[in-house]
Structures are given as structure tokens and as C-alpha cells.
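Listed below, chain by chain, are the residues.
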Amino acid sequence: MYSAAVLDRVRNPRRVGEWPAGQTDVGTGEAGTLDDGTTVRIQVRVSAGRIVEARFKVFGCSASIASAALVAEWLEGATLDEGRRLTPGRVVDALSLPAERAHVARVAVDAARKALDDVTEKAERRP
Amino acid sequence: MVYLDHHATTPVDPRVVEAMLPYFTVAFGNATSRTHRFGWEAREAVERARRQVALLIGAGAREVVFTSGATEANHLAIAGAAAAAPTDRRHVVTVATEHRAVLEPCRQLGASGWTVTELPVDPTGLVDLDAVARAITPGTALVSVMLANNEIGVLQAVAEIAPLAHARGALLHTDAVQALGRVPVDVAALGVDLASFSAHKLYGPKGVGALYVKRGVEKRLAAPVRGGGQERGLRGGTLNVPGIVGFGAACDVAGREMPDEARRVGALRDRLWQLLQERAGGVSMNGASAPRLPGNLNVRVAGIDGESLHVGLTEIAVSSGAACTSAEPSHVLMALGLDKTAALASLRFGLGRGTTAADIDRAASHVADVVAHVRRSSPVARLAAAGAGR
Ligand SMILES: Cc1ncc(COP(=O)(O)O)c(C=O)c1O
């Protein structure tokens, strides 16, 4: 039912983890609720305008795990602007997600955007 | 891959295959051909199988009607009894945790104007006998309560329901598919009028089953499948001779091996439950621990999404808490009062004749690994674990 791209990310997840959200170079974004069945947290560590590392945690179906893993993969090495240009459609295509699971790609991308907003705000607050 | 899904189906026992083979090729006759040896041979084989099935269920051979499986046997029992019921009896009583092969024909009656009572079960999966007694009225034509549940393995007190049904003049049917070959089934001791069985659940072939029709009860059935008058007019159609021979042989093997096998499988199941608690943690049993089929274990795993759990389980074949046809949670687990997340995060283990201690060890470790790994990637594992004991 799922593509190899999904199954590989579910069975061998990379970039699972979390950092303390307070660190100034770390942005944290969460999206989705347990009631909807999917919640994703994405964190990015930024240096000189570039995302040097990304981490994720997911509660949800395998499509949501794979989406968050793929988003974290893509974020690493990207600039903040490149990260913001990520769309759910690209995730759906890359993972060949079935239509009834497509909404979880949006949750993962929303979490990523919030993480980028968070780290940008922190940078602006810094003197 | 360790096969732990023996409630879905079982492999055909090699001794059963051996018994069936001649009836595909050399002894290929039609059991209703009366004029030559080919027909006689087939007829003899069918009657031998009928006696073998009857022996295992404690019936007389003439009380066994062969069908294409339990779905058809249930249909013959339910639709057949309904079609022959007097016009002042248009009510059927069943239980929310029945297999869909019982619920659907009952609901079909509901759609044609019958009253259908689907009794709830308690959190252990058992139906309350007082509730059964209250549900049965003088207008009840049929009561259908399964013997062993196909998901949670619990055994209903069918023998105690029989007098309740009979006191009101209703027929009692039991879907005994999952019980046969796993625990003793004695239709006379149960006091049922009708009982359904399926060969592929006890190491026989798929596509063959039987309905036990207590002597005299055939007059209270109007067969839905009519044709050449086979099976005393209760089920038309050329008999599936090799399949029926296989069913008989499977009953014969089960009758001889069941006591030892039930003990062996029961001990393995207990070991699996212990290992899952030790290695995976945060697991609870769905359904009563007893009375339950020896090979059944149904557990829910806290703090985890069921679908990703199942996608992660690559080394064992088990069944999920989802209905087989969709991602909706199983109606049986929902009837126990589980919420949707807990029902979907459930695993049904069905141990069987081929299951070894090494299989159990491997299965428990694999489940524990996958559970740990999915929980590790979850932001809410602790939170969900706290609330998922429901
Ligand atoms: C309890 C129960 N009833 C009925 C059936 C249907 O049996 P069959 O596959 O022979 O139609 C099954 C098997 O799936 C079952 O477990």
C-alpha cells in the first residue's frame, strides 16, 4: 500500500529527536493535534542563515512519520527561505502518498514553517 | 516471517492434503451420480467425512449439512430460519461482537422489516445472560450467539443461553467456527439447534464448511440455496467432494490431537503475554483472560499509533485492530468500550499447530523493538501512555 520511500523512513528513521526548545539557535514548530490523530514536532538548528540540522518527533500513521522525516531531510542544508518554499504537494509527490493520507504532509510542512518562524523571531529579538 | 494469524486461516495439514488428493483425479465422481462406481465412491467419501465432522461436534451424521463455508452456513441458519418462521415471530437476537457473517444476515432481516436486537457486551467481551433473557420475547424467532470470538477469543456461555431461547420457543444458533478443533465442541451439550463450522480454521481447505441442524429443526428452515436437492434439500449444488473429504480428515486429526495441542498452544500464548509485558511494556489484554481460546491473545499497546505499529511489524504476520476491510477500528474492540486510538493500536495473535517456542520469543522481541522505536519517535508517548489504558 505504501511506497518504498515511506516504508524506508518508517523502518529506519533518521533525525528522530529533540533539543531543548529554549536554545536561541533552535526553532521549534508543532502542528496537528492528538484528536486529529497526527501531531508533528519539527526542530531546526540555524547558523548563519542556514539550517544545519533538523530533528522531528511524530505521533501518527506511517505516512506522517515519513512526511516528517522527509521534511527534516530537506530542511538540513537549506536556507530559511528555501525551507519556507517547501510545500505539502512536494512531500506527497516524493512519497507517493495515497490521497486519503495527503493531509499529514500538510501537518509536517506546517510544523516546519512554525519552526522557521520561531527561529527567525528569536534572531530578531536578539540585540 | 512468523505466522501468528491462525484465526484468519490455517495451513492445510499435510495429512488432510493426502486424504483429499485422490478425489480431484481418480475418484472425481459426482456424489449424486447413482448409476456408476464413480458416483458411489464419491458418495461414500462424503458420508465418511460427514461422520468425521459429526463425531467431532457430538452430532449425528444426518445432522451435518455441508456448505461452502461458515458464511454460507450462517446464512442458511439465519436467513433460512427467518424465511420459515411463523409470521408472529419476526425478531432476531444477536450480539454486537459477532462476526460480520452473522451481523450482516441479521441486518438484512432488519432491512426487510424484522426487529434486530444486537446485545452489548461487558468490557471483557461477554454478553450478560440476564440481558439475553430480557431480550428474548414470544416474538423471537432466532437467537444467534457465537461460541468463540474470532478477535478476542472469549467463549460465550452458549449452553446457558439455550434454555432461555427454548423457553420462548426461539431457535438457538451458534457460530462455532473459531472453537472447532481448538476447544471441545459438543452441540448436544450446548443445546443449540444450529451451529456453523468452517474447515479452513482447523487445518482443512478453504471454501467448505457445515451447518449442524438438530434433528427436526430442518422443518424450521427454508433453504436459501436450492437446486438439485442435495443435502436433503437444505443446500443445493454439486458437492465439493475433495473439500468435504478434507474437512472430515481435518476433524479426525483435530479430535485426536486437540487435548495435547490445546495445552501446548495455551502455554505458548501465556508465555507470549508474559514476554510482551516484560519487553514491550504498556500493554493490556483485550477481552477476558478466561474463558478464552488457548491460542488467542489480543493486546492493545499504549502510546502508539496503530497504523505505524503495523507498518513496522515486518517479521510477524498478525492482524490489526482495524476491520479487515478498512482503516476503521474493529467493531469487536469498540464494543468492549475501547476508544478508536486504542482499538487501532491493538494486535491479534492467533497461535496454532505450527507455532513454536522460538516463534514466540522472536515475535515478542520484534514487537518490543518496533514499539520502542515508534514510541521513541513520538512527542506524546508518555502523555498517551498515561491515558491509553481505557
Ligand atoms: C467467527 C467466524 N464466523 C464466520 C467466518 C467465515 O467463515 P468462512 O470463511 O468459511 O466463510 C469466520 C472466518 O473468517 C469466522 O471467524
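Note that the coordinates shown come from a computational prediction; the quantities given were computed from them, not determined experimentally.

Comments concerning a positive patch on the surface
Link 1 in the chain: Together, Arg-62, Arg-215, Lys-219 and Arg-232 of chain B line one region of the surface with positive charge.
Link 2 in the chain: Its location among the elements puts Arg-62 of chain B in the loop between helix 2 (37–57) and strand 2 (64–67).

Some remarks on the interface of chain B and chain A
Accessible area lost on assembly of the parts is the figure often given for the size of an interface.
Link 1 in the chain: In this assembly, 16 residues from chain B lie in contact with 19 residues from chain A.
Link 2 in the chain: When chain B packs against chain A, the two sides together hide about 1,400 Å² of surface, and 64% of this comes from carbon and sulfur.
Link 3 in the chain: Between chain B and chain A we count zero salt bridges in total.
Link 4 in the chain: Across the chain B-chain A interface, the total number found is eight residue pairs in polar contact (both at pLDDT 80 or more).
Link 5 in the chain: Looking at the side of chain B that touches chain A, the elements that each hand over two or more residues are helix 9 (306–312) and helix 12 (357–376) of chain B.
Link 6 in the chain: The element contributing the most residues to the side of chain B that touches chain A is helix 9 of chain B, with four residues.
Link 7 in the chain: Each residue belonging to the side of chain B that touches chain A can be placed in one class, and the counts come to five nonpolar, eight polar and three charged.

A word on the site of the ligand
All names here are of chain B.
Link 1 in the chain: If you check the shell around the ligand, you find Gly-69, Ala-70, Thr-71, His-99, Met-146, Asn-150, Asp-175, Val-177, Gln-178, Ser-198, His-200 and Lys-201 and nothing else.
Link 2 in the chain: Within the contact set of the ligand, an oxygen atom lies 2.5 Å away from a side-chain nitrogen or oxygen of Thr-71.
Link 3 in the chain: A distance of 2.8 Å separates an oxygen atom of the ligand from a polar atom in the side chain of Lys-201.
Link 4 in the chain: Protein burial of the ligand: of its 390 Å² of free accessible surface, 85% is covered by the chains.
Link 5 in the chain: Considering only residue class, the shell around the ligand consists of three nonpolar, seven polar and two charged.

Comments concerning the sheet that holds strand 6 (residues 171–175) of chain B
All names here are of chain B.
Link 1 in the chain: Across the sheet, which stays open at both edges, the seven strands sit in the order 2-8-7-6-5-3-4 with mixed pairing between neighbours. Edge positions in the sheet fall to strand 2 and strand 4 (115–119), since each of these pairs with one other strand and no more. Shown here is a sheet whose adjacent strand axes are inclined to one another by a mean of 20°, direction ignored.
Link 2 in the chain: Across the face of the sheet, helix 2 comes into contact with strand 2, strand 7 (194–198) and strand 8 (209–213) while running at roughly 115° to strand 2.
Link 3 in the chain: Against the sheet, helix 4 (residues 100–111) makes contact with strand 3 (91–95), strand 4, strand 5 (140–144) and strand 6, and its axis sits at roughly 150° relative to strand 3, the strand it touches most.

Re the packing of helix 1 (residues 4–11) of chain A against helix 2 (residues 62–75) of chain A
Residue and element names in this part refer to chain A.
Link 1 in the chain: With their axes 8 Å apart at the nearest point, helix 1 and helix 2 run at an angle of 85° to one another. Of the possible angle classes, the one that applies to helix 1 and helix 2 is roughly perpendicular. Each of Val-6, Arg-9 and Val-10 in helix 1 lies in contact with helix 2, whose residues at this interface are Ser-62, Ala-63, Ile-65, Ala-66, Ala-69, Leu-70 and Glu-73.
Link 2 in the chain: Among the residues forming the contact of helix 1 with helix 2, the class breakdown is seven nonpolar, one polar and two charged.

Overview of the nonpolar core
Link 1 in the chain: Membership of the largest hydrophobic core comes to 71 residues, with the highest contact counts inside it found for Phe-66, Val-143, Leu-180, Phe-197 and Phe-247 of chain B.
Link 2 in the chain: Per-element accounting of this core gives the leading share, nine residues, to helix 8 (residues 241–279) of chain B.
Link 3 in the chain: Residues lining this core come from more than one domain, with at least three contributed by each of domain 1 (13–253) and domain 2 (258–384) of chain B.
Link 4 in the chain: Ignoring any residue separated from it by four or fewer positions in sequence, one finds Phe-247 of chain B in contact with Val-53, Phe-66, Leu-180, Phe-197, Ser-198, Ala-199, Leu-202, Pro-205, Val-208, Gly-209 and Ala-210 of chain B.
Link 5 in the chain: Among the nonpolar cores identified, the runner-up in size contains 40 residues, and Val-46, Leu-70, Val-91 and Ala-112 of chain A belong to it.

Calculation notes
- Residues numbered from 1 in each chain as written.
- Chains lettered and ligands numbered in written order.
- Predicted model: local features only at pLDDT ≥ 70, side-chain atom pairs only at ≥ 80, totals over all residues.
- Heavy atoms only, no water.
- Patch = residues over 30% accessible without salt bridge, like charges linked within 9 Å, V, L, I, M, F, W, Y side chains within 5 Å.
- Areas by Shrake-Rupley, 256 points an atom, 1.4 Å probe, with all protein chains shown as cover.
- Salt bridge = Lys/Arg side-chain N within 4 Å of Asp/Glu carboxyl O.
- Lys, Arg positive; Asp, Glu negative; His and termini not counted.
- Charge placed at Lys NZ, Arg CZ, Asp CG, Glu CD.
- Helix = DSSP H or I, 4+ residues; strand = E, 2+ residues; numbered from the N terminus.
- Contact = heavy atoms within 4.5 Å.
- Buried area = accessible area lost by both parts, 1.4 Å probe.
- Polar contact = N/O pair within 3.5 Å; in protein donor to acceptor, adjacent residues only side chain to side chain.
- Nonpolar A, V, L, I, M, F, W, Y, C, P; charged D, E, K, R; others polar.
- Near = heavy atom within 4 Å.
- Pairing = 2+ DSSP bridges.
- Axes fitted to C-alpha atoms, helices over the stretch in contact; angles between N-to-C directions.
- Parallel < 35°, antiparallel > 145°, perpendicular 65-115°, else oblique.
- Core = buried A, V, L, I, M, F, W, Y, C linked by side-chain atoms within 4.5 Å.
- Buried < 20%, exposed > 50% of the residue type's maximum accessible area, 1.4 Å probe, protein only.
- Domains from an automatic or database assignment.

Functional significance is not addressed by these values, which are geometric in nature.
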